[in-house]
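What follows is the residue order along each chain.
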Amino acid sequence: NAGVMQNPRHLVRRRGQEARLRCSPMKGHSHVYWYRQLPEEGLKFMVYLQKENIIDESGMPKERFSAEFPKEGPSILRIQQVVRGDSAAYFCASSPPWQGANTEAFFGQGTRLTVV
Amino acid sequence: GQQLNQSPQSMFIQEGEDVSMNCTSSSIFNTWLWYKQEPGEGPVLLIALYKAGELTSNGRLTAQFGITRKDSFLNISASIPSDVGIYFCAGQVGGNNRKLIWGLGTSLAVNP
């Protein structure tokens, strides 16, 4: 059973370009969470999605950032017109549907975005 | 944004020593989690705590969920070189939304 798969592992973009980060959740998991981690810091919640629905986007910047989790295929975090401050590690986590307590999310290995 | 207060920020210890780190919050959480992150990797769950006052062990790791639900500690006994990494606490309000609020991490270095 493969874990949470993120790709690419490393992504370099010039200022003004678009970055697309992909996350394939674990088999049977229909909930996806995206987090951003700046150097020397903890993770910051960005967005929580279920299939075809955004449930909580309270951590998403209002501009340039968007996320989707289509019925088929991976979840995509899209950053338009990237700036140097977007350089960070972006982590995806997935979890199964809520079944009561004790069902935690599992994390992928992250995508390291560098904007030059 | 909301963040947990985690201390200490870093620790340098000798192999075989015990380690203790803690997290506090101004908000109540229904679940506290402790993760370990190694360079270039994602966080890996070590211990999950679900009840106030709960004390849970995982091998050499022991964690407790504070009675007020606003704090937690993690102890590592008899440290070994592979314990090196960054340890994060995370709080979860609970229910269907498993969004996590994170501490800034405790960086652990173990001298063999």
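Residues numbered from 1 in each chain as written. Chains lettered and ligands numbered in written order. Predicted model: local features only at pLDDT ≥ 70, side-chain atom pairs only at ≥ 80, totals over all residues. Heavy atoms only, no water.

Caption draft 1: Seen up close, the pattern of salt bridges. Residue and element names in this part refer to chain B. Taken as a whole, this structure holds 7 salt bridges over all chains when the rule is applied. Across the salt bridge formed by Lys36 and Glu38, the nearest N and O atoms sit 3.2 Å from each other. Take Glu38: its relative accessible area is 39%, and that puts it in the partly exposed class. (Salt bridge = Lys/Arg side-chain N within 4 Å of Asp/Glu carboxyl O. Buried < 20%, exposed > 50% of the residue type's maximum accessible area, 1.4 Å probe, protein only.)

Caption draft 2: Main features of the sheet that holds strand β8 (residues 75–79) of chain A. Residues and elements named next belong to chain A. Strand order in the open sheet formed by 4 strands is β1-β3-β8-β7, and the pairing between neighbours is antiparallel. Each end of this open sheet is capped by a strand with a single partner; those strands are β1 (5–7) and β7 (65–68). Averaged over all pairs of adjacent strands, the angle between strand axes in this sheet comes to 15°, irrespective of strand direction. Two elements, β7 and β8, share 4 bridges in a ladder whose sense is antiparallel. Counterpart to Glu68 in the pairing with β8 is Ile76. (Pairing = 2+ DSSP bridges. Helix = DSSP H or I, 4+ residues; strand = E, 2+ residues; numbered from the N terminus. Axes fitted to C-alpha atoms, helices over the stretch in contact; angles between N-to-C directions.)

Caption draft 3: Expanded view of the interface of chain B and chain A. Taken residue by residue, the interface counts 23 residues in chain B and 27 residues in chain A. Of the roughly 2,000 Å² buried between chain B and chain A on both sides combined, carbon and sulfur atoms contribute 50%. The tally of links from chain B across to chain A stands at 1 salt bridge. The residue Lys99 of chain B makes a salt bridge to Asp56 of chain A at a minimum N-O spacing of 3.2 Å. Seen at the junction of chain B and chain A, the total is 6 residue pairs in polar contact (both at pLDDT 80 or more). For the side of chain B that touches chain A, the secondary-structure elements that each account for two or more residues are β4 (31–37), β5 (44–49), β9 (85–94) and β10 (97–102) of chain B. Its residues placed into classes, the side of chain B that touches chain A shows 10 nonpolar, 10 polar and 3 charged. (Contact = heavy atoms within 4.5 Å. Buried area = accessible area lost by both parts, 1.4 Å probe. Polar contact = N/O pair within 3.5 Å; in protein donor to acceptor, adjacent residues only side chain to side chain. Nonpolar A, V, L, I, M, F, W, Y, C, P; charged D, E, K, R; others polar.)

Caption draft 4: Representation of the sheet that holds strand β1 (residues 5–7) of chain B. Residues and elements named next belong to chain B. With antiparallel pairing, 5 strands are arranged side by side in an open sheet as β1-β3-β8-β7-β6. Only two strands of the sheet have a single neighbouring strand rather than two, namely β1 and β6 (55–58). Averaged over all pairs of adjacent strands, the angle between their axes in this sheet comes to 15°, without regard to strand direction.

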